[in-house]
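Listed below are the residues making up each chain.
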Amino acid sequence: MRDDIDTAETDGAQLHTIRIFLSVAEEESIARATRILNKAPSAVSRAVAELEKSIGMFLFDRGARGIQLNDYGQLVLARARRIRAELAEAAADLARMKPRKSAASPSAIEHLLFNNRKLMLLIHLVETRKISAAAERLRITQSGASMSLGRIEAALGATLFHRGLQGVIPTETANRVAIRAKRVFAELRHMALDVTTVSGDYAGTVVIGTLPLGRTRVFPMAIADAISRHPGIRVTTIDSPFHQLIDGLRSGEIDASLGVPRKETDFTGLVIEPLFADRLTVLARRGHPLAGKPISLAELARRQWILPWHSSPSRALFDAQFLKAGIAPPQASIESADLAVVRQLLASSDALALASARQMEVELESGALVELDAGFTGMERQVCLMLREGAMLSPVAMVLVDALRAQAAALQREA
């Protein structure tokens, strides 16, 4: 392990080269950027070359009249400005703390934050709340991580983490800065993807968060469509509880999320786009004793049930069917959103399940499962695409988002 965070290894573009690139691009001159940055011309040129090497493309056209941004450089500039804006907001958060007299100015704080390793240390400390765990992720020693955190706080003139026997507790400001830092790394990820698409070569990874009702036919068909047209696209799905997906959207770790929004959630800073309606139904195995006849709520309440999680919107709709009739909702024998589990349990028992008709489309068409006449009403939910407001998705991510919209529209036309 390394002894200090400043010698730890990181991959991809480095933020200090982004800062220098911004100055050169906006001044349209290495000489003028040199004076503003107070750096040697060789250091500025070397930083630009390092950034170009990490991205894999020249960003400037060099000529007798100097340097000028090319198409690749314009794309990088757009992302670099977003990175600077995020770090400026993080610096403003830090400056608003109640600092000691030695506190740095907002511009000095912003300069301090243009450092991959320092930002990664803050992110890992917020996530793990242990210096040892953060050090392990960064492949440095625990003493090196502790020393680096001390240097950061000394430079800021403020405390970001409270030390305790069980680890470290982040301040609210540290939590906000960590979210900004994650967005910065998301912008760096998108920056590389932006550049690859100039030549029409769509390649890279899209991260999509999915909830149970978001995993219907629309999602897999959209993926199939996207990768058939652009084989270089890779899709990573995150199947997590709703609040974790929302946190991932806000931080930029997730590009988009698909599912049914929770009514109680604060969606400030997010865009909610309805895609299609999904119908919940009561399912049972082929040949079930209740199949083919109307069933009273009282009868349903006596049965064993496979139900969605207690906190889910689907479960709330289910419970409401009984409550409005003055009947206590049945308790779930099994709570699960795992379709493989639900299918097997239905096939091997007389239990009933509340599930999406579309998710069980194959089983219903084959006759392996049947819908029961439960008399439920108002069991449709809007499945929505959720995005971060103001996010500039990479072209690769937009290919999949557009495919989702197209598949949803086709589904609506079929209905």
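The shown structure was predicted, so the numbers you read here are calculated from the model rather than taken from an experiment. (Residues numbered from 1 in each chain as written. Predicted model: local features only at pLDDT ≥ 70, side-chain atom pairs only at ≥ 80, totals over all residues. Heavy atoms only, no water.)

*Asks:* Which residues make up helix α6 (residues 116–128), and what values go with them?
*Replies:* The terminal C-alpha atoms of α6, which comprises 13 residues, lie 18 Å apart, in line with the 18 Å expected from a rise of 1.5 Å per residue. With respect to burial, α6 is a largely interior element, 10 of its 13 residues being buried. Along α6, the residues classified as buried are Asn116, Lys118, Leu119, Leu121, Leu122, Ile123, His124, Leu125, Val126 and Thr128. Here α6 starts with a cap whose side-chain oxygen sits 3.0 Å from the backbone nitrogen of arginine 117, and that cap is asparagine 115. Backbone geometry just downstream of α6 places arginine 129 in the positive-phi region, at approximately 60°. (Helix = DSSP H or I, 4+ residues; strand = E, 2+ residues; numbered from the N terminus. Expected span 1.5 Å × (residues − 1). Buried < 20%, exposed > 50% of the residue type's maximum accessible area, 1.4 Å probe, protein only. Polar contact = N/O pair within 3.5 Å; in protein donor to acceptor, adjacent residues only side chain to side chain.)

*Asks:* How would you sum up the pattern of salt bridges? Please name residues and give values.
*Replies:* This model, assessed by the stated rule, comprises 29 salt bridges. In this structure, arginine 189 engages aspartate 255 in a salt bridge whose closest nitrogen and oxygen atoms are separated by 3.0 Å. With arginine 189 in helix α9 (residues 172–196) and aspartate 255 in the loop between α11 (242–251) and β7 (256–259), this pair connects stretches of sequence that are 66 residues apart. Accessibility expressed as a relative area gives 26% for arginine 189, which makes it partly exposed. Between glutamate 371 and arginine 279 there is a salt bridge, with its nearest N and O atoms 3.0 Å apart. Residue glutamate 371 is located in strand β12 (residues 369–371), and its partner arginine 279 is located in strand β8 (residues 270–285); the two are separated by 92 residues in the primary sequence. Given the relative accessible area of 36%, glutamate 371 is considered partly exposed. Three or more residues joined by partner-sharing salt bridges are found here, namely Arg79, Arg82, Glu187 and Asp194. (Salt bridge = Lys/Arg side-chain N within 4 Å of Asp/Glu carboxyl O.)

*Asks:* Account for the environment of alanine 284, with residues named and values stated.
*Replies:* With respect to the element layout, alanine 284 can be found in strand β8. Assessed through its relative accessible area of 0%, alanine 284 is described here as buried. Through-space distance from the C-alpha of alanine 284 to that of arginine 343 is 9.5 Å; in sequence the pair is 59 residues apart. Those residues in contact with alanine 284 that sit more than four places away from it in its chain are Leu346, Ala351, Leu352, Ala368, Leu369, Val370 and Leu372. (Contact = heavy atoms within 4.5 Å.)

*Asks:* Go over the pairing of strand β11 (residues 352–356), please, and point to the residues and values.
*Replies:* Here β11 lies mainly inside the structure; five of its five residues are buried. In β11, alternate side chains face the same way, and those of Leu352, Leu354 and Ser356 on one face and Ala353 and Ala355 on the other are all buried. With four bridges joining them, β8 and β11 adopt antiparallel strand pairing. Opposite threonine 281, over in β11, you have alanine 355 as the bridge partner. Pairing between strand β9 (residues 305–307) and β11: two bridges, direction parallel. Bridged to isoleucine 306 within β11 is alanine 353. (Pairing = 2+ DSSP bridges.)

*Asks:* So what about the packing of α6 against α9? Which residues, and what values?
*Replies:* Close contact between α6 and α9 brings their axes to 9 Å; oriented N to C, the two are set at 125°. As far as their axial angle goes, α9 and α6 are oblique. α9 is crossed by α6, and the crossing has left-handed handedness. Together, Asn116, Leu119, Met120, Leu122, Ile123, Val126 and Glu127 of α6 and Ala174, Asn175, Val177, Ala178, Ala181, Lys182, Val184, Phe185 and Leu188 of α9 make up the contact between the two elements. Partitioning the contact of α6 with α9 into residue classes produces 12 nonpolar, two polar and two charged. (Axes fitted to C-alpha atoms, helices over the stretch in contact; angles between N-to-C directions. Parallel < 35°, antiparallel > 145°, perpendicular 65-115°, else oblique. Left-handed = near helix turned anticlockwise from the far one by under 90°. Nonpolar A, V, L, I, M, F, W, Y, C, P; charged D, E, K, R; others polar.)

*Asks:* How would you summarise the pairing of strand β1 (residues 60–63) if you had to cite specific residues and measurements?
*Replies:* If a strand is regular, its side chains alternate between the two faces of the sheet. Judged from the four bridges that link them, β1 and strand β2 (residues 66–69) form a sheet pairing that is antiparallel. Considered in β2, the bridge of phenylalanine 60 is made with leucine 69. Here β1 folds back onto β2 in antiparallel fashion, the turn holding two residues.

*Asks:* Outline the nonpolar core, supporting the account with residue identities and numerical values.
*Replies:* Counting 60 residues, the largest nonpolar core has Ile18, Phe21, Phe60, Leu160 and Phe161 as the members making the most contacts within it. Among the elements that take part in this core, α9 stands out by supplying nine residues, more than any other. Contact partners of leucine 160, with chain neighbours within four places excluded, come to Leu94, Met97, Leu122, Ile152, Glu153, Ile169, Pro170, Thr171 and Ala174. Grouped together as the second largest cluster of nonpolar side chains are 45 residues, Leu193, Trp305, Leu317 and Val383 included. (Core = buried A, V, L, I, M, F, W, Y, C linked by side-chain atoms within 4.5 Å.)

*Asks:* Go over the side chain of aspartate 278 with me, naming the residues and quoting the values.
*Replies:* Relative to the helices and strands, aspartate 278 resides in strand β8. A polar side-chain atom of aspartate 278 sits 2.7 Å from a polar atom in the side chain of serine 356. Look past the residues within four positions of aspartate 278 in its chain and what remains in contact with it is Leu213, Thr216, Ser356, Arg358, Met379, Glu380, Arg381 and Val383.

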